[in-house]
Amino acid sequence: MISEPNPSQARVVVAGAGLLGNSVAYHLADNGWSNVLVLDQSKVGSGTSHFGSGTIGLFKPTPERNIIVESLKLYQKLHEQGHDIGLRRCGSLNLAQTHDRVIALQRRAAYILPTGMQCELVDSDTAKKLHPFLSTDDLQGAVYVPDDCIADPAAVVQVLASEAKRKGVKYFEGCQVKYINTKNERVHSVETDVGTITCEYFVNCSGMWARELGLKSKPPVRVPAYPAQHYYALTPSLNLPTDDDNLLPCIRDYDANLYARQYDQSLLVGWFEKDAKPAFEDTKDIPKAWQDHLQEDQGHCAALWEKAVDRLPVLRDLSMPAIRNSPDNFTPDGRLIFGESAEVKNYFVACGMNGNPLQGSGGVGKALAEWIVSGTPTIDMLPFNVQRFLDLHNNRQYLQQRIREVVGRQYAILYPNQSEYKFSRKLRCSPLYSVLEARGAVFGTKMGYERALYFDADYRRGDPLPTLPDGSFYKPKFFQFMEKEYQACAQHVGIIDISSFSKIEIKPGIQTDTVSGENAVLNYLQYMCANDVNIGVGHIVHTGMLNERGGYENDCMLIRQTEDSYFMISPSSQQTRIYEWMSRNLPADASVQLNDVTSMYTVINVVGPKSTLLMSELSNSDVRLAPFSYRKLNIGYASDVMIMSFTHTGMPGYCLYVPSEYALHVYDRLITRGRDYGARDVGTLTQRFLRIDKFIPFWGDELTSMTTPFEAGVFYSVRLDISQLKKKENFIGRQALERQKRDGLSKRLVLFHVEDIDIDKNVWPWGGEPLYRNNEFCGTVTSAG
């Protein structure tokens, strides 16, 4: 595969010649980019991506399924061109041993059916007919997906590489990347053990080595992915028929954490364990000769094999075959990672296939290549974007602990709002954490930040700390506590710690023109924001920051603190992503600077009709502020508390931005004085239900990079009619919004009240459910409560 002895220049350098790297190179070449160079420290396909199950399963959550559909289209195209990649349609059976699993499968089938994809809920007898080797006595049902396929990952790797090379891509094997040189925080060149290659773009597709390679640049790029030990076994020949009409469907026995597929005349069985083992714990780095460092544990493997025998009794008469350990990268949240890094411009990442590299690689390669070519994502990237992480997620010890449970979560029932992680917790904590814990808080995590989900009102100091109960698709087991919290907010006072929100200061930088009187910060924000941010000092404006399509890049509150400085509040999950977006759009003359101050403030929401009475007791100043305004006041003995007259809930009250050293004092005053007003601790789940109740769209659920403000129904947050005198003649996304205003909307966010539902007996709507009107699909529930 070596194309030339010493390449010195390329438009794009791709590190890693596995499934992902070859897919990216293939799709770049397919888009007409031929000056692409693929490097590999060994040989094409020498990593782990050519191992694995070779299954292509479409029965997935919608964002991931969209990626897999594109992968399958690519493999079908290669197959139709005559390439032998082992692509065969075999279907799959997704098994349910419990009632809750049946509901989970039914819900997913409901999401999928409107897309036109076939899937069918079948009983255990039908499952047995479709796969005669199955033991079905303990099954409550299954979902049959006829269009699922299998292919040969090793063959796909080689075909993609040869096709990419035929289209002009150059390959250089036995070449190790040492360092990524940057210039003005942009990719400049790639240092290798055989020389330096100047390039415009760099794509890190180096699999298990992606995280370590990410650290080899300045600034370092975070790539939070780490390999877990991942086991599968291949049985001796069972003399299975191999013609297409008699292929056995793939089996996914989620409740036993195993899968099985026909492999020629044998069966391949693999496991997604509930408590997995990190790979290479005993080595400092991921070794190049990784196969020499794989450990075997016969006792561990025997327990896995027993699960397979229980489900497939045909294996009972076989001795346990050799169980192979094929490590694969898993990510902190079990979702794919790809996109442009936050740290270095034109540095792209694709890794973290979470146990099945073949399934996602084709679609990821296509999406990433289109992003590089067009300069902007062509799909909704929010679930997969590498910018969803912080530095803490890239910590090796953190990753080794977290992936222990991430592997098993691939097959777990992830109950809505009730499926929290157990490992790698208590990293980012509000100063109020210990106090809230002692008051019965049950915590969840967001961006590594511990947030009280709700408060167990039955907890008494000295009892074992309350924990999140088993999840449910019905009324949550802790709903009675949320009802009390809701009533406190509706009738009295609710106190909510929302410190995890992202906070950024926007201030003047180096002033390049002090004569003209231009306000660089204002001009910058008017260009970035869809709403008019030229508000009075001490006032607050709600606005979106949009992309060229008119979709959301950010949903935020801007507080004007002085004539030329603002304080911005954004959703917790936006901390990395929006800082990068804003940084990339800063004026070139350094006249504006950003400062992330998320950790400097503890944020307390004081919500409810009696909140003004309570706050009046705690401050000598007048707290009766005009809506969407702020002041700095003393609260108790604490000075310089920013008090803002909004609550994120649609209810009356205040947001207090408290310098963190004062947090315990302010909270103690609120909760102590608040007893006279019925004050109660409130969790973020109740806050979520409050905002749904008030029809407030939420980032990530209703507001995405593909959703415009008009579609979300927040017309008030867009100003298209401001004169040039206010420097609002142009902002990012304006043209797209003007077209939409002219042509009309094809979709719109609306609020439904569900009728005829018994909340004590019926399955609840949770978000994602399809909507039908006159038996015709017309939309999807974004969130519900």
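Residues numbered from 1 in each chain as written. Predicted model: local features only at pLDDT ≥ 70, side-chain atom pairs only at ≥ 80, totals over all residues. Heavy atoms only, no water.

In this section: the pairing of strand S27 (residues 552–562). The element S27 is largely enclosed, with a buried count of ten among its eleven residues. For strand S26 (residues 540–546) and S27, the ladder comprises seven bridges, and the chain directions are antiparallel. Following the sheet pairing, His542 is matched in S27 by Met557. From the end of S26 to the start of S27, which pair antiparallel, there are five residues, and Gly550 there has a positive phi angle of about 90°. Here S27 runs beside strand S28 (residues 565–570); their pairing, made up of five bridges, is antiparallel. Counterpart to Ile559 in the pairing with S28 is Phe567. (Buried < 20%, exposed > 50% of the residue type's maximum accessible area, 1.4 Å probe, protein only. Helix = DSSP H or I, 4+ residues; strand = E, 2+ residues; numbered from the N terminus. Pairing = 2+ DSSP bridges.)

Here we come to the packing of helix H1 (residues 19–30) against helix H5 (residues 153–166). Running from N to C, H1 and H5 point in directions that differ by 30°, and their axes come no closer than 9 Å. It follows that H1 is roughly parallel to H5 by the angle criterion. Between H1 and H5 lies a crossing whose hand is left-handed. Touching Leu19, Asn22, Ser23, Ala25 and Tyr26 of H1 are Pro153, Val156, Val157, Leu160, Ala161, Glu163 and Ala164, all from H5. Split by residue class, the contact of H1 with H5 holds nine nonpolar, two polar and one charged. (Axes fitted to C-alpha atoms, helices over the stretch in contact; angles between N-to-C directions. Parallel < 35°, antiparallel > 145°, perpendicular 65-115°, else oblique. Left-handed = near helix turned anticlockwise from the far one by under 90°. Contact = heavy atoms within 4.5 Å. Nonpolar A, V, L, I, M, F, W, Y, C, P; charged D, E, K, R; others polar.)

Turning our eyes to something else, we now look at the packing of aromatic side chains. Counted by the stated rule, this structure contains 20 aromatic pairs. Aromatic pair Phe567 and Tyr601: ring centres 5.6 Å apart, planes at 90°, arrangement edge-to-face. On the criterion of sequence distance, the pair formed by Phe567 in strand S28 and Tyr601 in strand S30 (residues 601–607) is long-range, its members being 34 residues apart. One exposure class covers both Phe567 and Tyr601, and it is buried. Ring geometry for Trp764 against Trp766: centres 5.5 Å apart, planes inclined by 20°, an arrangement best described as stacked. Judged by relative accessible area, which is 6%, Trp764 ranks as buried. (Phe/Tyr/Trp six-rings, centres within 6.5 Å; stacked < 30°, edge-to-face > 60°.)

A word on the domain arrangement of the protein chain. Domain annotation for the protein chain reports domain 1 (9–214 + 224–330) and domain 2 (433–500 + 600–682). Relative placement of domain 1 and domain 2: their C-alpha centres are 45 Å apart. (Domains from an automatic or database assignment.)

The subject of this paragraph is a nonpolar patch on the surface. On the surface, Leu113, Tyr772 and Phe777 cluster together to form a nonpolar patch covering roughly 300 Å² of accessible area. Within the element layout of this structure, Tyr772 appears in strand S35 (residues 770–773). (Patch = residues over 30% accessible without salt bridge, like charges linked within 9 Å, V, L, I, M, F, W, Y side chains within 5 Å. Areas by Shrake-Rupley, 256 points an atom, 1.4 Å probe, with all protein chains shown as cover. Salt bridge = Lys/Arg side-chain N within 4 Å of Asp/Glu carboxyl O.)

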